[in-house]
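Architecture at a glance
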Amino acid sequence: MIVFDNVGKSFGSHRVLDGIDLHIHAGEKIVLLGPSGSGKSTLLRTINALETIDEGHITVLGRTLPGSKTEEQQLRRDVGMVFQNFNLFPHMSVLDNVCLAQIQARKRPRAEAEATAMDLLAKVGMAHKAKAFPMQLSGGQQQRVAIARALALRPQIMLFDEPTSALDPEMVSEVLQVMNAIAAQGMTMVVVTHEMDFARKVADRVVFMDHGRILEQAPPAAFFSHPRTDRARAFLAHVVRERAKTGKLTPLDRELAQVVAGNPSA
Amino acid sequence: MAAPFTPATPAASLRWGADLEGGAPYAFADPKDASRVIGFEQELADALAKHLNRPLERVQVNWDSLIPALGRNTIDLAMAGIELTDEHKRGALFTRPYYVYQQQMVVRADEARVQVFEDLRGKRVGTLSGSAAHRMLDQLGGVNITFYSDIYAVYQDLGMGRVDAVFLDLPMAAYYAKGNPKLRFVDPPLGEGYYAIALRKGDEALKRELDAALDAMLADGTLERIYRRWDLWTPSQEKLLSFRDTQEVPQQLEPAWKRFGPMLAAGTWMTIKISTLAMALAMALGMVLAVMRVYGPMPVQWLATTYIEIFRGTPLLIQLYLLYYGLPKLGLQLDAFVAGVLGLGLNYAANEAENYRAGIQAVPKGQMEASLALGLTRPQILRFVILPQSLRVAIPPVTNDFIALFKDSSLISVITLVELTKAYGMLASATYDYIGLGLVTAAIYLAISYPVSRFARWTEARLRRAQGVTA
């Protein structure tokens, strides 16, 4: 469904992506992990051509990137994306946010678009705010609307770029619940996140990156219990330290803490 | 105004107010040597100063401001083809006349429709505002008058067909039109009147001296020699000898609103029409330029930037002159109204483009990314996402520009359009009521611009409320 073939990208002498080979199958849920600046967000954004690539090819849903402008537009209609900062259109109501691309990009009649929008808003628990404007909503509510907006084009792949990082802690779970529901319906998902619980429960595969390279790929159980590289262990240790500062350690966090503390099980 | 520490010396210079701009053949810069001033009034002034045994100092004063300048004591006398009329006598003391002027009709050589004065009805006639010819045309009625402040331009526009006839003082026609084979004088000249020298009210001493000097120059033939040199001597000048003036001024009978109302109303309407159309043009073109500049490929960006820099970096006045008086030389002749709308609109488009550009750049980058990710095309993204948000940011500066344009529209008077400020100027210089009329005119401007700015603030607040922003 998504195939990276020796993909590279540079900003000057800085290698943002370096020799990326990756196969993602239909229905698979991939979580991209890695320290900030590791290239995971860039990798995610190459899938719908928001980032260009300098070397290699990516095949997405049978289309090869880099492609023409029109091809990229066609592709993006089949790939939904959710951003860290929601990026809702502030001058439009919630309903219009979800309808715009349906009407303009998919050429659906307004009535059909609105029916689809209301249906999706109901599924993310936001139907009662259809007439509201984004600024009147909480962060968690805005992100749920943004997910509905991305789903409205009936995409075959959903990309999530740190969807909960900009949220207050008490709003994280409402967004993760919606993502769980989408995963349960068999959607192909690629997610950049620091939510280890989500990675452990939902992901089929964890892809760990650093310095623009993929260092490890493994099912979450294997990755979290037996990280093979020092960098992965260092990264997990860092995550645990950050979690410890909040004082709310989950069972998984404690388990991870043991793994990184003194158990070189590789 | 006696200054105690500088006693008047016998050689105190005689300050003569004149307007060299468009001043031929009265007093003007010699086309062959621009540092020299020539003209029949220059020769007259030299002769008068000699009679009075005082050095002559010429002061450049805008024609409309000559009589007020006497009151402000920046000049001692104004001699610049000022007609001896009741209106003028209200503002100044006058010497005996020095010239008997007449009004000359001039048309294109192939013009057969104009044979007598009454034929000017229904024609487009060029003249100077506030002139004796202007008053005669008003009395005739039914004439489509175009007002100029530049004599050269009147006859140039006659040649190009922008007006059907020019009706002005004979000396001007003699200098500007006589040698032109494309133009024809419609004889005889009409409407005799007197040019006289204007003095500060109450300056009877200077009046006695100048009257005596003029008497002497008339008697010894000095005046006739000067006029013959400039081809201005006419048999009518004999009337200078028999002139007797009472200096009495009849009372103005018509109420003020009746004299001023129609002209101020027409000027206001012209100002509103031209500002609204020019702003519509500026907003539309500005939007195109802004999009070109932000999203266009390199050559298109460069084109838009060049346009913006040129139109922002040069005075609107020069742009208007080029559009109206310059383009005809390249074969493109614009109607004055069209030139006015274009001039203001093209100029303000540069400002609007920058306002919109700031608005576009104020839209967060994430908006573009989210739109792209939804598979929208660039034109769709601009139309539905970027421009609606940038317009909101641009409302306050665009409103400010509209009010600025509204006031700048007074500049279009240089291309013969009579808008509110020009109407004020014409009325004020005819009546010397600078304060009363000025306050009324300012009030009209304010009455229009204040609601505009209120409306903009209201729109802004409403948009914010609609989106649930409380601040």
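Bear in mind the structure is a predicted one, so any value in this text is a computation, not a measurement.

Brief notes about the overall build of chain A
Assigned secondary structure in chain A consists of 10 helices and 10 strands. The principal-axis extent of the C-alpha atoms belonging to chain A is close to 60 × 45 × 35 Å. Put simply, chain A has 266 residues, and 56% of those count as buried. Here chain A has roughly 11,300 Å² of accessible surface; of this, 50% comes from carbon and sulfur atoms. Separation between the mean location of the 31 positive side-chain charges and that of the 28 negative ones in chain A comes to 3 Å.

Describing the packing of helix α3 (residues 94-104) of chain A against helix α4 (residues 110-123) of chain A
All names here are of chain A. Where α3 meets α4, the axes come as close as 9 Å, and the angle between the chain directions of the two elements is 130 degrees. Overall, the two elements α3 and α4 adopt an arrangement that is oblique. For the element pair α3 and α4, the recorded crossing hand is right-handed. Together, V94, L95, D96, V98, C99, Q102 and I103 of α3 and R110, E112, A113, E114, T116, A117, M118 and L121 of α4 make up the contact between the two elements. Classifying every residue of the contact of α3 with α4 gives 9 nonpolar, 2 polar and 4 charged.

Details of the sheet that holds strand β5 (residues 63-65) of chain A
Residue and element names in this part refer to chain A. Strand order in the open sheet made by the 4 strands is β2-β1-β4-β5, with antiparallel pairing throughout. Strand pairing shows two members of the sheet lacking a second neighbour, β2 (14-24) and β5, which therefore form its edges. Between one strand axis and the next, the sheet turns by 25 degrees as a mean value, whatever way the strands run. Direction of pairing for strand β4 (residues 55-60) relative to β5: antiparallel, over a ladder of 3 bridges. Residue pairing across strands places V60 opposite R63, the latter belonging to β5. Strand contacts of helix α2 (residues 69-77): β4 and β5, with the helix running at about 120 degrees to β5, the strand carrying the most contacts.

A word on unusual backbone geometry
Looking along the chain, the bond that leaves A:L65 and enters A:P66 is cis, with omega of -5 degrees. Checked against the element boundaries, A:P66 lands in the loop between β5 and α2. The omega torsion of the bond from B:D187 to B:P188 falls at 0 degrees, within 30 degrees of zero and hence cis.

Focus: the pairing of strand β10 (residues 183-199) of chain B
When strand β5 (residues 77-78) of chain B meets β10(B), the two strands line up antiparallel, connected through 2 bridges. If you follow B:A78 over to β10(B), its bridge partner there is B:A198.

Examining the sheet that holds strand β7 (residues 124-128) of chain B
Residue and element names in this part refer to chain B. Judged by pairing direction, the sheet is mixed, and its 8 strands sit side by side in the order β4-β1-β5-β10-β6-β9-β7-β8 without closing on themselves. For this open sheet the edge positions go to β4 (56-60) and β8 (144-148), each flanked by a neighbour on one side alone. In terms of strand pairing, strand β1 (residues 14-18) meets β4 through 5 bridges, oriented parallel. The partner of L14 across the bridge, within β4, is L56.

Observations regarding the interface of chain A and chain B
Residue-level contacts link 26 residues of chain A with 21 residues of chain B. Around 2,100 Å² of area is buried between chain A and chain B when both sides are counted, 61% of it from carbon and sulfur atoms. Considering only the surface of chain A that becomes buried against chain B, A:F89, A:H91 and A:Q104 emerge as the three largest contributors, covering 24% of it. In this structure, the connection of chain A to chain B is made through 1 salt bridge. Here B:E369 and A:R45 are joined by a salt bridge, their closest N and O atoms 2.6 Å apart. Looking at the side of chain A that touches chain B, the elements with two or more residues in it are α2, β6 (79-82) and α3 of chain A. Grouping the amino acids of the side of chain A that touches chain B by side-chain chemistry returns 14 nonpolar, 6 polar and 6 charged.

Here we look at the side chain of B:Q367
Looking at where B:Q367 falls in the secondary structure, it is placed in helix α13 (residues 365-373). Looking at B:Q367, its side chain comes within polar contact range of the side chain of B:Q389, at 2.8 Å. In this structure B:Q367 touches A:N87, A:L88, A:F89, A:P90, B:V385 and B:Q389, once residues within four positions along its chain are discounted.

Points about the environment of B:A49
Residue and element names in this part refer to chain B. Looking at the secondary structure, you find A49 in helix α1 (residues 40-52). Under the relative-accessibility criterion, A49 is labelled buried at 5%. On a C-alpha basis, the gap between A49 and F94 in space is 17 Å, while along the polypeptide they are 45 residues apart.

Here we look at helix α7 (residues 204-219) of chain B
Given 3.6 residues per turn, any residue in an α-helix points the same way as the ones three and four places further on. Residues and elements named next belong to chain B. End to end, α7 covers 22 Å across 16 residues, agreeing with the expected 22 Å (1.5 Å per residue, within 8%). All buried positions along α7 are accounted for by L206, K207, L210, D211, A213, L214, M217 and L218. Each buried residue of α7 sits inside an arc of 165 degrees when the element is viewed along its axis, so together they form one side. Turned more than 90 degrees from where α7 packs its buried face, R208 and A219 sit exposed.

As for the packing of aromatic side chains
Residue and element names in this part refer to chain B. All chains considered together, the criterion is met by 21 aromatic pairs over all chains. Ring centres 4.9 Å apart and planes at 70 degrees place the aromatic pair Y99 and Y227 in the edge-to-face group. Here Y99, found in strand β6 (residues 93-108), pairs with Y227, found in helix α8 (residues 222-229); they are 128 residues apart in sequence, far enough to count as distant. Under the relative-accessibility criterion, Y227 is labelled buried at 0%. Plain terms: the ring middles of F117 and F167 are 5.0 Å apart, the flat faces sit at 35 degrees to each other, and that makes the pair tilted. With F117 in the loop between β6 and β7 and F167 in strand β9 (residues 165-169), the pair connects residues that are 50 residues apart, well separated along the chain. For the residue pair F117 and F167, the accessibility class agrees, reading buried in each case. In this structure an aromatic cluster arises from ring pairing among Y26, F40, Y98, Y99, Y101, Y195 and Y227.

A word on the confidence of the model for chain B
Per-residue pLDDT for chain B averages 87, and the proportion of residues at 70 or more is 93%. Here the predicted complex carries an ipTM of 0.92, next to a pTM of 0.73.

Observations concerning the nonpolar core
One finds B:Y98 and B:Y155 to be the most contacted residues of the largest nonpolar core, which totals 143 residues. Sort the elements by how many residues they give to this core and helix α12 (residues 336-362) of chain B lands first, with 11 residues. Aside from chain neighbours lying at most four places away, what touches B:Y155 is B:V106, B:V166, B:L168, B:M172, B:A173, B:Y176, B:A177 and B:L183. In this structure, A:F86, A:A117, A:A150 and A:L252 belong to the second largest nonpolar core, which totals 57 residues.

Remarks on the pattern of salt bridges
Under the counting rule described, the total for this entry stands at 37 salt bridges over all chains. Of the charged contacts in the structure, one is a salt bridge between B:D164 and B:R108, with a shortest N-O distance of 4.0 Å. Separated by 56 residues along the polypeptide, B:D164 in the loop between α5 (151-160) and β9 and B:R108 in strand β6 bring together distant segments of the chain. For B:D164, a relative accessible area of 6% translates into the label buried. The exposure class assigned to B:R108 is buried, which follows from its relative accessible area of 16%. The structure contains a network of salt bridges with shared partners spanning A:K9, A:R45, A:E51, B:K365 and B:E369.

Section: a nonpolar patch on the surface
Residues B:L317, B:I318, B:Y321 and B:L322 make up a contiguous nonpolar surface patch of about 340 Å² in total accessible area. Taking the relative accessible area as the measure of exposure, B:Y321 reaches 34% and is therefore partly exposed.

Procedures and definitions
- Residues numbered from 1 in each chain as written.
- Chains lettered and ligands numbered in written order.
- Predicted model: local features only at pLDDT ≥ 70, side-chain atom pairs only at ≥ 80, totals over all residues.
- Heavy atoms only, no water.
- Helix = DSSP H or I, 4+ residues; strand = E, 2+ residues; numbered from the N terminus.
- Buried < 20%, exposed > 50% of the residue type's maximum accessible area, 1.4 Å probe, protein only.
- Areas by Shrake-Rupley, 256 points an atom, 1.4 Å probe, with all protein chains shown as cover.
- Lys, Arg positive; Asp, Glu negative; His and termini not counted.
- Charge placed at Lys NZ, Arg CZ, Asp CG, Glu CD.
- Axes fitted to C-alpha atoms, helices over the stretch in contact; angles between N-to-C directions.
- Parallel < 35°, antiparallel > 145°, perpendicular 65-115°, else oblique.
- Left-handed = near helix turned anticlockwise from the far one by under 90°.
- Contact = heavy atoms within 4.5 Å.
- Nonpolar A, V, L, I, M, F, W, Y, C, P; charged D, E, K, R; others polar.
- Pairing = 2+ DSSP bridges.
- Buried area = accessible area lost by both parts, 1.4 Å probe.
- Salt bridge = Lys/Arg side-chain N within 4 Å of Asp/Glu carboxyl O.
- Polar contact = N/O pair within 3.5 Å; in protein donor to acceptor, adjacent residues only side chain to side chain.
- Expected span 1.5 Å × (residues − 1).
- Arc of directions from axis to C-beta.
- Phe/Tyr/Trp six-rings, centres within 6.5 Å; stacked < 30°, edge-to-face > 60°.
- pLDDT = per-residue confidence, 0-100.
- Core = buried A, V, L, I, M, F, W, Y, C linked by side-chain atoms within 4.5 Å.
- Patch = residues over 30% accessible without salt bridge, like charges linked within 9 Å, V, L, I, M, F, W, Y side chains within 5 Å.

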